[in-house]
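Structural characterization, general
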Amino acid sequence: MTKQNLICPYVGLKTFEEKEAPIFFGRNNYLPELLKKIQKTRFLSIIGTTGSGKSSLIHAGIIPKLKKTDENLHVLRIDSSTDPINSLVKELNKLLSQTKDSEIKSISEQIIQLYLVKNTQGISEALQELELRSEIKILFVLDQFENLIEYANLSDKHREQIEHFINLMLHASKQAQYSISVVLGIRSDVLSSCSRFQNLPEAINKGQFLMPPLTIDEAKEAILQPASVYSQEIAYSLVEKILADFKQSGNHLAKLQYSLKTIWTNAQKNNAKIIDETHYLTPVQSTINETAEQLYLAKNNNEREKIKQIFQSLIKFMVNGMLSTKVVRLDELSQITKLDPSEIAKLLTPFRATGIHLIESTEEISLQTNSNIQLTHASLIKSWYRLKEWAQEEQEYVKTYLSVSAQAEAYQHGKMDLLTGYELDTVITWKEKATHSAAWAAQYNNKYKSVITFIQRSEAQQQSTLHRNIKAGSLQRVRFFAISLAVIATIAIVTTFYAFHQQKKAKTQEKIATEESILAKNNLIIAEKNKIIATQLLYKFGNLQEENFALLEKLYSYAKNEDGVTSEVIDIYDKFAWFWILNKQYDRAIAISKRGIELDSSKEWMKVNLAIAYLYNGNTKQAQTIYTDLKDKTHPQLGYPYINVFDGNLRGLAEEGFESMSF
């Protein structure tokens with residue numbers, strides 16, 4: 001084997017597997033103690049923080065050592081990312097199928113299922129029924145036990161299922177008929193949640209092993225010994241540099257391994273006899289970030305947005321606020337992100353490449369629809385700064401969903417009202433996120449349907465309230481709300497017209513310069529934004545912002561050269577002025593009325609708006625000038641003189657305590 005073909009002895013971000021035991025160094029001193037503990041208690045719990053090396057110790061340390069000491073040992077790995085009892089059934093059936101004839105194999109899974117559901121003694125009873133030889137020893141391995149704690153939080157039914165599974169494990173480790181042991185890998189921050197399950201804390205305490213930080217000597221062993229397996233020498237100066245960087249990174253094992261993998265790959269490309277500082281590319285802390293950024297930035301904008309959705313869907317938000325990885329099947333990931341499975345596989349290919357390995361999957365080459373996919377290590381979330389931002393953004397949406405879930409449930413039990421105002425606006429914004437589907441919500445609870453119903457009822461109530469206000473108010477108030485509704489319709493009509501016009505224009509100018517094409521697309525986007533504003537005005541009533549003035553200006557500039565459109569756009573200024581008067585924001589009403597009059601001074605209603613805004617704002621003289629000019633003219637829609645309108649305004653002002661005046 002040439003140096004260029006040497007298998008890398010450093011695993012990077014991923015967990016050490018059983019087959020990688022020959023290159024697993026740094027933790028072997030603890031193995032004798034752990035073997036004694038599991039023989040004594042038959043229930044071993046490896047406890048530590050994220051990145052402390054729990055999983056690697058279990059798979060590349062404990063399991064190979066136990067197998068070496070007992071050839072009758074069978075290791076059954078329980079999948080903690082899904083229904084654990086179903087996983088348990090399949091693992092037990094796999095064990096039995098290795099020793100039984102075809103008739104037994106065909107019915108064993110059904111028998112196991114029946115016994116496991118029946119009672120907590122189900123494991124031993126099923127094995128006895130299927131006549132498993134007593135000399136066979138079983139080791140149940142349940143890594144990332146915190147996933148089951150989260151699974152139990154989904155509903156009461158899920159909690160009961162996990163409680164039953166835990167009881168099955170506890171009983172199996174205590175019964176005398178078969179030699180059955182259990183190894184758990186569990187994050188230290190979820191230990192308090194284990195107290196919810198009877199007898200589990202006691203079992204964890206009896207067989208617990210707290211993962212200590214890797215010492216400098218152990219880290220040095222983890223650096224030097226794997227390379228020595230291939231007779232590769234590492235310069236002392238490089239070791240010292242790596243160790244110093246390891247300290248600065250917070251003694252993070254996965255980051256150390258990723259840095260070593262990068263150094264090794266670089267050295268092998270150069271066919272180096274000794275790996276020295278010339279092969280040291282970047283510190284541990286930045287290696288992962290730089291690699292991920294290069295892969296991400298190599299994609300176009302559309303692909304980057306899809307990559308963001310995929311990575312966000314691979315992050316798990318724990319109840320205690322911690323971030324973790326989660327295993328997602330490719331077909332499930334497709335439902336969550338609304339992307340085709342083949343497209344997801346293509347986008348993830350560079351992140352799964354040899355020497356990169358930021359994404360882990362059950363298949364090393366091509367992904368299948370049932371392939372399990374996950375981030376190689378939770379440390380990637382913190383190490384790749386862009387992913388950290390994505391996680392924080394997604395976490396806010398998860399919090400919103402869980403909050404609304406609780407509110408929807410409280411509403412169903414008559415403990416709270418429907419949503420209104422700003423709170424409803426926030427929830428509607430969340431609902432409109434494209435990736436937030438039933439499949440997305442199912443990751444956290446099964447209440448998506450009731451949440452959507454709750455939001456829809458809240459929207460309907462707010463709409464109903466608006467209509468009641470319109471009917472209950474005076475003629476003037478009716479006009480206020482009617483005009484506000486007209487704003488919506490008018491903006492939608494105008495912007496739709498403009499969008500259609502731009503599309504037609506774009507088709508006839510396919511050969512124009514690239515710059516002009518981009519400008520046309522940008523204008524279409526702006527038109528779409530105006531339509532969005534139009535459809536949102538009803539439920540955002542009272543939350544209109546200053547930027548709408550700028551949008552109106554753009555809308556006017558688009559429409560002023562189109563026949564029959566200009567007057568409609570000018571009317572929008574009049575309608576928005578009434579909107580601000582209605583909401584008692586008279587400075588804004590004055591500003592937009594002045595601008596509307598400046599654009600078209602023939603619109604008398606805009607002058608009336610300005611006069612009313614002046615009156616409410618205390619600018620009596622300015623209002624008097626406008627009233628004097630219009631008092632002998634007739635209102636074009638109501639059919640009676642403006643003086644009647646003025647009298648109504650003045651009486652209303654007097655009733656509200658304003659100074660009495662006449663013209």
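What comes next concerns the included structure. If you're wondering where the values come from, they're calculated on a predicted model, not measured in any experiment.

Moving on to the overall build of the protein chain. Tallying secondary structure elements over the protein chain gives 28 helices and twelve strands in all. Within the span of the protein chain, comprising 663 residues, buried residues form 49% of the whole. Sequence separation of 24 or more characterises 71% of the internal contacts of the protein chain that already satisfy a separation of 6 or more. With the model as given, the accessible surface of the protein chain reaches about 32,300 Å², and the carbon-plus-sulfur share is 50%.

The next thing to look at is the nonpolar core. Nonpolar side chains in soluble globular proteins generally cluster together in the buried interior. F311, L358 and W430 are the most contacted members of the largest nonpolar core, which has 54 residues in total. Ranked by residue count, the leading element in this core is helix α17 (residues 385–412), at eight residues. Aside from chain neighbours lying at most four places away, what touches L358 is L13, Y258, I288, A292, L295, F351, Q374, L375, T376 and L380. Grouped together as the second largest cluster of nonpolar side chains are 46 residues, Y151, L168, A172 and I186 included.

To continue, consider the pattern of salt bridges. Tallied over the full model, the rule gives 16 salt bridges. Among the salt bridges present, the one from E18 reaches K67, with a minimum N-O distance of 2.8 Å. Separated by 49 residues along the polypeptide, E18 in the segment before α1 (31–41) and K67 in helix α2 (residues 54–69) bring together distant segments of the chain. Look at E18 and you get partly exposed, because its relative accessible area is 24%. R386 is the salt-bridge partner of E293, the closest N and O atoms lying 2.8 Å from each other. Residue E293 is found in helix α12 (residues 284–297), and its partner R386 is found in helix α17; the two are separated by 93 residues along the sequence. Among the residues examined, E293 registers a relative accessible area of 17% and is labelled buried. Linked by salt bridges that have partners in common, K14, E17, K19 and E20 make up one network.

Let us now look at the side chain of S334. Relative to the elements of secondary structure, S334 occurs in helix α14 (residues 330–337). For S334, a relative accessible area of 14% translates into the label buried. Sequence-distant contacts of S334, defined by excluding residues within four places in its chain, comprise L339, D340, P341 and I344.

The next point concerns the sheet that holds strand β10 (residues 328–329). The pairing of strands in a sheet happens through backbone hydrogen bonds and is either parallel or antiparallel. Ordered in space as β10-β12-β11, the three strands form an open sheet in which the pairing is antiparallel. Only two strands of the sheet have a single partner each, and these edge strands are β10 and β11 (359–361). When β11 meets strand β12 (residues 372–375), the two strands line up antiparallel, connected through three bridges. What sits directly across from E360, in β12, is Q374.

The next thing to look at is the sheet that holds strand β2 (residues 73–77). With parallel pairing, five strands are arranged side by side in an open sheet as β2-β3-β4-β1-β5. Each end of this open sheet is capped by a strand with a single partner; those strands are β2 and β5 (208–210). On average, each strand axis in the sheet is tilted by 20° relative to the strand beside it, whichever way the strands run. In this fold α2 packs onto β1 (43–48), β2, β3 (137–142), β4 (179–187) and β5, with an angle of close to 150° to the strand it touches most, β1. Each of β2 and β3 is contacted by helix α3 (residues 84–97), which is oriented at about 150° to β2, the strand it contacts most.

Basis of the calculations
- Numbers given for residues are sequential positions, taken from 1 along each chain in its written order.
- Local features in a predicted model are, by the rule used here, given only for residues with pLDDT of at least 70; side-chain atom pairs are given and counted only at 80 or more, and totals for whole chains, interfaces and linings are based on all residues.
- Note that the side-chain values use all heavy atoms of the structure and ignore hydrogens as well as water.
- Elements are defined by DSSP. Helices are runs of H or I of four residues or more, strands are runs of E of two residues or more, and each kind is numbered from the N terminus.
- Throughout this description, buried means an accessible area under 20% of the type-specific maximum (1.4 Å probe, protein chains only), exposed means over 50%, and partly exposed covers the range between.
- Note on contacts: a residue pair is in contact if any heavy atoms of the two residues lie within 4.5 Å.
- Accessible areas in this description were obtained via Shrake-Rupley with a 1.4 Å probe; residue shielding takes into account the shown protein chains only.
- To form a nonpolar core, buried Ala, Val, Leu, Ile, Met, Phe, Trp, Tyr and Cys residues must be joined to one another through side-chain atoms within 4.5 Å.
- Should a side-chain nitrogen of Lys or Arg be within 4 Å of a carboxyl oxygen of Asp or Glu, the pair is scored as a salt bridge.
- Strands are labelled as partners when DSSP assigns at least two bridges between them.
- Helix axes are fitted only over the stretch in contact, all axes being lines through C-alpha atoms; the angle between N-to-C directions runs from 0 to 180 degrees.

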